[in-house]
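Below are the chains, spelled out letter by letter.
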Amino acid sequence: MAKAATIAMRATILSQLRESEESLHAQGLDADILVAVYNDYLSRKQELKTIAGFVAEMLLRCREVHAVRYRLKDPLHLLQKIIRKKKEYPHRNINRHNYLHYINDLAGVRVLYLYKEDWEQIGRHIRQLWELKRPPYAYIRHSGELQLFINKGCNVFVHPRGYSAIHFVITTSPDRQRYFIEIQLRTLLEETWSELDHSIRYPNYSPHPLLDELLLILGRLTSYANETITQIKVLADALNSTAPIPERSNQLREYIRTLPIPEAEKQQLYSRINRLL
């Protein structure tokens, strides 16, 4: 009876993966090994959920964190990732005994924050609490920020579709079992863009040049908006400063000069500074 149930489960999983034993074998994979990984992961999901919830709670203690979300990887998505990894690394044999070492995002935690520079303080908070498996990965929209993130100790990737985020992979060892948890850092605006991009592209997205171009445009607008939010904060800090009025006025004018807005709007802001200070 147990053997029949196992055979039925294997058939169901292969059907959902749209793979056969022959197609997996041709890729250097074994269906029984994938089923074993599937079952082992199911047995660990509750523990992983508890760990992810604890990580989220600790991240919320950082003042710069606006919100935190977490999720566990879908079991079928795990198997699909293992199949993709086999194509990328043909000599790597992932199985029930080692998949925890190779898969970094069985549990994923997403951290949202308001000001784009706040990621540095959040990153310090992460490093104080956990050991990192690897240096953080910074995914950026354009190469202009490349050196900035390299100087902060990140491996940097210019994403072709405009995705922007910073990924940390932390190590946790409850009950002597080591797990890796991925923590993604995004501004609130980057999260909005990413969610829209995901809803348009997945699960059955067919590439279309117009959609790609519009998403890239929206990505650039998101980047400009993040810059503007930073400048608003800087302006607010300068307005509330106790520095002498001439110094504050010069600071404000310099900040306004760098804003990505039309010259007419800059002139309006200059006029308001003259009236206020």
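For the structure, see preceding data.
Residues numbered from 1 in each chain as written. Predicted model: local features only at pLDDT ≥ 70, side-chain atom pairs only at ≥ 80, totals over all residues. Heavy atoms only, no water.

A few words now on the environment of Arg84. For Arg84, the location among the structural elements is in helix H4 (residues 75–88). Sequence separation of Arg84 and Gln27 is 57 residues, and the distance between their C-alpha atoms is 9.9 Å. (Helix = DSSP H or I, 4+ residues; strand = E, 2+ residues; numbered from the N terminus.)

This part is about the nonpolar core. Formed by 52 residues in total, the largest nonpolar core has its most connected members in Leu59, Ile126, Ile183 and Leu185. In terms of residue count, the dominant contributor to this core is helix H3 (residues 31–59) (13 residues). When residues no more than four places from it in sequence are discounted, the contact partners of Leu59 are Val65, Val68, Val109, Val111, His125, Ile126, Trp130 and Ile183. (Core = buried A, V, L, I, M, F, W, Y, C linked by side-chain atoms within 4.5 Å. Buried < 20%, exposed > 50% of the residue type's maximum accessible area, 1.4 Å probe, protein only. Contact = heavy atoms within 4.5 Å.)

Right, let's get into the pattern of salt bridges. Two side chains carrying opposite charge are able to pair once their charged atoms lie near each other. In this structure the tally under the stated criterion is 16 salt bridges. Residues Lys73 and Asp105 are paired through a salt bridge, measuring 3.2 Å at the closest nitrogen-oxygen approach. Remark: Asp105 occurs in the loop between helix H5 (99–102) and strand E2 (107–113) and Lys73 occurs in the loop between strand E1 (67–72) and H4; sequence separation between them is 32 residues. By relative accessible area, Lys73 is classed as buried at 11%. Residue class for Asp105 comes out buried when judged on its relative accessible area of 9%. By sharing partners, the salt bridges in this structure join Arg69, Arg110, Arg186, Glu191 and Glu195 into a single network. (Salt bridge = Lys/Arg side-chain N within 4 Å of Asp/Glu carboxyl O.)

As a further point, take the layout of surface pockets. Its volume calculated, the largest pocket comes out at about 1600 Å³. Looking at the lining of the largest pocket, the elements that each hand over two or more residues are E1, H4, H5, E2, strand E4 (137–140), strand E7 (179–187) and helix H8 (188–201). It is H4 that contributes the most residues to the lining of the largest pocket, six residues altogether. When grouped by side-chain class, the residues that make up the lining of the largest pocket number eleven nonpolar, ten polar and 18 charged. As for the second largest pocket, its lining consists of 22 residues, and the residues nearest its centre are Lys116, Trp119, Glu145, Phe149 and Glu190. Elements supplying a minimum of two residues to the lining of the second largest pocket: helix H6 (119–129), E4, helix H7 (146–151), strand E6 (165–172), E7 and helix H9 (209–239). Among the residues forming the lining of the second largest pocket, the class breakdown is ten nonpolar, five polar and seven charged. (1 Å grid on protein atoms, 1.4 Å probe; cavity = no way out; pocket = protein on both sides within 12 Å on 5 of 7 lines; lining within 4 Å. Points joined across faces, edges and corners; volume = space filled by probe spheres on them. Nonpolar A, V, L, I, M, F, W, Y, C, P; charged D, E, K, R; others polar.)

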